[in-house]
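A look at the structure
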Amino acid sequence: MARQPEVTPSIALASSPRPDHDGTVKIVSWNLLHRGGVTLDDIVTLIVREKPDMVLMQEATARIDNLAARIGGTYVRNPLPGRLHGLAVWTSMPLRHPSVTLTLQPGIAVHRLCQIIDVGDFVIANVHLSHGQLLNRRQLRKIARVLPARAAILGDCNMIGAALLPGFRDVGPRQATFDIGGFVPVRLDRCLVRGLTCRATKTLGRAGSDHRAIAVRLSLPGQGA
């Protein structure tokens, strides 16, 4: 699938409410593990069971590209530069704009992108950040600078400890989502929001991945109660 346009200036996308929606959006984020990992059937099963409005995926490969053909909706995948895997989004909601990508500072071995999706009420950034604990926080700050006032950043942040991102709150599940070396549990998968309310959170299963998926339900303040 062809890559979508890349942007570097400040992003100001449409933000008027969708008349057919109460303002609450359920989002699942999942690192699929590109070597083996989560299958297309696993993702279809998750969507049928959880009924999310959107699924954000990291380490997604071409084997996921038939997702929309299987279950409908809109699907976009953006491989990382020079890699077979990258970021992908599936959604059942109509999008006013195609997703766009933002180039981040390169990591030590992998160049990183951020996938940005306008859902009308707010903007969502799908991320798979670098492992360096100073570098991934610099990447977060670059993303935050181009997002509008109402925004969420979700994905595999590869981050230990507080995000330290001014203006954003870490509202994702507090349970560990990854085991370093198979025995040290850490919370690498995050949801950071600005100008939004988190109504519910939970962690989901791993299936074939080394990460647990996370699910959040977000809304504008005062909506979706």
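Scroll up to find the structure.
Here we summarise the structure given alongside this text. (Residues numbered from 1 in each chain as written. Predicted model: local features only at pLDDT ≥ 70, side-chain atom pairs only at ≥ 80, totals over all residues. Heavy atoms only, no water.)

Some remarks on the overall build of the protein
Each helix and strand counted, the protein has three helices and 14 strands in total. By residue count, 53% of the 225 residues in the protein fall in the buried class. Excluding contacts between residues fewer than 6 apart, the proportion of contacts in the protein whose partners are at least 24 apart in sequence is 68%. Carbon and sulfur atoms provide 57% of the accessible area of the protein, an area that totals close to 9400 Å². (Helix = DSSP H or I, 4+ residues; strand = E, 2+ residues; numbered from the N terminus. Buried < 20%, exposed > 50% of the residue type's maximum accessible area, 1.4 Å probe, protein only. Contact = heavy atoms within 4.5 Å. Areas by Shrake-Rupley, 256 points an atom, 1.4 Å probe, with all protein chains shown as cover.)

Section: unusual backbone geometry
Of note, Glu-59 is a non-glycine position whose phi angle comes to about 55°, a positive value. The topology assignment puts Glu-59 in strand 2 (residues 54-60). The buried category is assigned to Glu-59, whose relative accessible area is 12%. Of note, the phi angle at Ala-207 is positive, near 50°, even though the residue is not glycine. Relative to the assigned elements, Ala-207 resides in the loop between strand 13 (197-203) and strand 14 (214-219). Of the residues examined, Ala-207 reaches a relative accessible area of 54% and is grouped as exposed.

Here we look at the nonpolar core
Membership of the largest hydrophobic core comes to 22 residues, with the highest contact counts inside it found for Cys-114, Ile-116, Leu-129, Leu-140, Ile-143, Leu-147 and Ile-153. Going through the elements one at a time, strand 5 (100-103), strand 6 (113-118), strand 7 (123-128), helix 3 (135-146) and strand 8 (151-156) are the ones with two or more residues in this core. When neighbours within four sequence positions are excluded, Leu-140 is seen to be in contact with Leu-129, Ile-153, Met-159, Ala-163, Leu-165 and Leu-192. (Core = buried A, V, L, I, M, F, W, Y, C linked by side-chain atoms within 4.5 Å.)

So, to be careful, I would describe these as geometric facts and stop short of saying anything about function.
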